[in-house]
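# An overview of the molecular structure
For reference, the chains in residue letters:
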Amino acid sequence: MCSTNSTTEHPIYDATVSKVGAYENCTVRLKGWLYNKRSSGKIIFIILRDGTGIIQCVASVNGIGQDEFEKLDKLNQESSLIVEGVVKKDPRAPGGYELEVKNYYIVSEAFDDYPITLKEHGIEFLLDNRHLWIRTPRQRAILTIRAQIVKACRDFLDKEGFVNVDAPILTPSACEGTTTLFSTDYFGEKAYLSQSGQLYNEAAIMAFGKVYCFGPTFRAEKSKTRRHLIEFWMVEPEAAFMTFDEMLVLEENMVTYIVEHVLANCQNELSEIGRDPEKLSQVKPPFPRITYSDAVDLLKRNGVDISWGDDFGAADETAIAKEFAKPVFVTHYPTKIKAFYMQPTPGDPETVLGADLLAPEGYGEIIGGGERIYDYHLLLERIHEHNLPLEDYEWYLDLRKYGSVPHSGFGMGIERVVAWICGLGHVRETIPFPRMLNRLRP
Ligand code: NSS
């Protein structure tokens, strides 16, 4: 853009690291933090990060003068600074460009040794320092992919004609069983943090037809596994008149859209975290479907000690998913292990029109959903069977009183999808500030 032998003074352009390519040979101003530094006598190499990427900046005594050079040489990691310099193409540099420093200003000097260095740290230490850990390129890449996944969910559903109608977080009743409820005092009354916005979605579809809610959900689960968080984000589409089969198609299209969006927009981030995109490019509809009964047989054939009616554990889900290169639907679960609102399978009341979507590569369930009971009397019966307090579900029953229609919906846990797409060993890195059984801080 700027010529190297021009005699006229160039202006200084405000730029970001990710956009420096548009300013070759120009003088730019970058604002960021000192990620790393090494010096060799008369040259200092600074790795500057600005939130959009990292760039090597080269400062020399000739370029900035002896005093400024010495000051820079002493600057601590993570000091914030503004650097002005000329953008030079350099195929060896990360990102392909380097900055020849002409000037710099220290905004705030880090006055203590930064706890997170380039050496290996233990996971508990990193989690204790999560407020600082998120600055590292790997964590930034994961959380950028998360943001793109969230965007893809919204884009897909908006495009499909779903209206975003959010559900409350403080609720009087349970959606997914009473054992994992978080309770809080609501001015003398007991309230619970939402486990799912589904019940409210069911009210909203009668007003909008197709809706989704997207927000934090909470499960007081005493599970300390690599798939469980206490607070996680869920996107929950729901549609009036949508059949079970139509819902499965919606799920596979949404998951495919998300994967394609990440592949198209996050190549740098995937390579930063070392995720092989090849495995993800196999995710194309249709996804295989197997019934719960067939899944039990499959497990038995693989020597797993399981009986019809048992719920699947993480190891079972992994064993089932291992048979497929794409995500797989497990459908028609036993009625007694699923939530109270699930519609029975026509002609087979022992099972329900419910499906879980299991991700490949051992990531387990990423989506749970199904068709809902729309008959008033059957729903009332289930509420009694599950010992749910009727007064808290009167409004939910009303939906079956006034123009009830068959309807379906599902919930997709964002962190599990991020863990799978990024190929991570644990969900704790998929959310900015994880809440786990033993962790509420920072
Ligand atoms: O319990 S779910 O299977 N289903 C529901 O909550 C329905 N009420 C959703 C609906 O139909 N609108 O949870 C859905 C997903 C599940 O597949 C996981 O991906 C995720 O929510 N999930 C979790 N992620 C992280 N940590 C925990 N503890 C967790 N529990 C569920």
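Residues numbered from 1 in each chain as written. Predicted model: local features only at pLDDT ≥ 70, side-chain atom pairs only at ≥ 80, totals over all residues. Heavy atoms only, no water.

## What to know about the overall build of the protein
Applicable threshold: Secondary structure counts use DSSP, requiring at least four H or I residues in a row for a helix and at least two E residues in a row for a strand, with both numbered from the N terminus. Only protein chains enter the calculation, and the probe is 1.4 Å; a residue is then buried if its accessible area is under 20% of its type maximum, exposed if over 50%, and partly exposed in between. Any two residues having at least one pair of non-hydrogen atoms within 4.5 Å are treated as being in contact. Per-residue and other accessible areas follow the Shrake-Rupley method at a 1.4 Å probe size, with only the shown protein chains counted as cover for residues. By the counting scheme adopted, Arg and Lys are positive, Glu and Asp are negative, and His together with the chain ends is not counted. Charge positions are represented by NZ for Lys, CZ for Arg, CG for Asp and CD for Glu.
Counting its regular elements, the protein contains 14 helices and 19 strands. Reported as C-alpha extents along the three principal axes, the dimensions of the protein are approximately 85 × 50 × 45 Å. Going through the 442 residues of the protein one by one, you find that 49% of them count as buried. In the protein, the share of contacts with a sequence separation of at least 24, taken over all contacts with a separation of at least 6, comes to 65%. When the accessible area of the protein is evaluated, it comes to approximately 20,700 Å², of which 51% is carbon and sulfur surface. For the protein, the distance from the average position of its 48 positive side-chain charges to the average position of its 63 negative side-chain charges is 6 Å.

## Comments concerning the site of the ligand
What counts here: Proximity criterion: a residue is near a molecule or strand once any of its heavy atoms comes within 4 Å of it. Definition of a polar contact: a pair of N or O atoms within 3.5 Å, with one able to donate and the other able to accept a hydrogen when the atoms are protein atoms, and with sequence-neighbouring residues admitted only if both atoms are side-chain atoms. Each residue receives one of three labels: charged for Asp, Glu, Lys and Arg, nonpolar for Ala, Val, Leu, Ile, Met, Phe, Trp, Tyr, Cys and Pro, and polar for the others, Gly being one of them.
The environment of the ligand is made up of 23 residues, and the closest members are E176, Q198, R219, E236 and E365. A distance of 2.9 Å is found between an oxygen atom of the ligand and a backbone nitrogen or oxygen belonging to I366. Relative to its free-state accessible area of 630 Å², the ligand is covered by the protein chains to the extent of 94%. Mapped by element, the contributors of at least two residues to the shell around the ligand are strand 12 (231-240), strand 18 (364-371) and strand 19 (407-413). Of the residues belonging to the shell around the ligand, the class tally is eight nonpolar, seven polar and eight charged.

## So, unusual backbone geometry
With omega at 0°, the peptide bond leading from P285 into P286 counts as cis. If you trace the backbone, P286 turns up in the loop between helix 9 (277-281) and strand 13 (289-291). In the segment running from R441 into P442, the intervening peptide bond is cis, with an omega of -5°. Here F187, not a glycine, exhibits a phi torsion of approximately 50°, which is positive. Residue placement: F187 occurs in the loop between strand 9 (183-186) and strand 10 (189-193). Residue class for F187 comes out exposed when judged on its relative accessible area of 77%. The phi dihedral of F241 falls on the positive side, at around 70°, and the residue is not glycine.

## Looking at the packing of helix 5 (residues 137-159) against helix 7 (residues 244-265)
Filter applied, for reference: Angles here are taken between N-to-C directions and fall from 0 to 180 degrees, while the axes themselves are lines fitted to C-alpha atoms, restricted in helices to the stretch in contact. Roughly parallel means an angle under 35 degrees; roughly antiparallel means over 145; roughly perpendicular covers 65 to 115; every other angle is labelled oblique. Should the near helix be turned anticlockwise from the far one by less than a right angle, the crossing is termed left-handed; should it be turned clockwise, right-handed.
Packing of helix 5 against helix 7 brings their axes to within 9 Å, and their N-to-C directions diverge by 135°. One finds that helix 5 runs oblique with respect to helix 7. The way helix 5 lies across helix 7 gives a crossing that is right-handed. Each of I145, Q148, I149, K151, A152, C153, D155, F156, L157 and K159 in helix 5 lies in contact with helix 7, whose residues at this interface are L250, N253, M254, Y257, I258, H261, V262 and N265. Classifying every residue of the contact of helix 5 with helix 7 by side-chain character gives eleven nonpolar, four polar and three charged.

## Notes on helix 6 (residues 198-208)
Working note: α-helix, 3.6 residues per turn, so residues spaced by three or four point in the same direction. Buried within helix 6 we find Q198, L199, N201, E202, A204 and I205. Check the buried side of helix 6 and you find it contacts strand 11 (210-218), strand 12, helix 13 (390-401) and strand 19. Directly after helix 6, the chain includes G209, whose backbone phi takes a positive value near 90°.

## Some words on the state of the cysteines
For clarity, the cut-off: In plain terms, two cysteine sulfur atoms within 2.5 Å form what is called a disulfide here.
Under the definition given, this model contains one disulfide. Shown here is the disulfide that connects C2 with C26, its sulfur atoms set 1.9 Å apart. Because the torsion about its S-S bond is 100°, the bridge between C2 and C26 counts as right-handed. Separated by 24 residues along the polypeptide, C2 in the segment before strand 1 (12-14) and C26 in the loop between strand 1 and strand 2 (27-40) bring together distant segments of the chain. Of the two residues, C2 and C26, neither departs from the other in class, the shared state being buried. The structure places no disulfide on C57, whose sulfur is separated from the nearest cysteine sulfur, that of C26, by 16 Å. Here C213 stays unpaired: no disulfide links it, and the sulfur of C175, its closest cysteine neighbor, is 9.6 Å away.

## Quick notes on the sheet that holds strand 8 (residues 170-171)
We apply this condition: Between any two strands, at least two bridges found by DSSP are needed for them to pair.
Taken together, three strands build an open sheet; the order of strands is 8-10-9 and the sheet is antiparallel. Sheet topology places strand 8 and strand 9 at the edges, where each strand pairs with a single neighbour. Note: strand 8 against strand 10, two bridges, orientation antiparallel. From the neighbouring strand, T171 faces strand 10, where its bridge partner is Y192.

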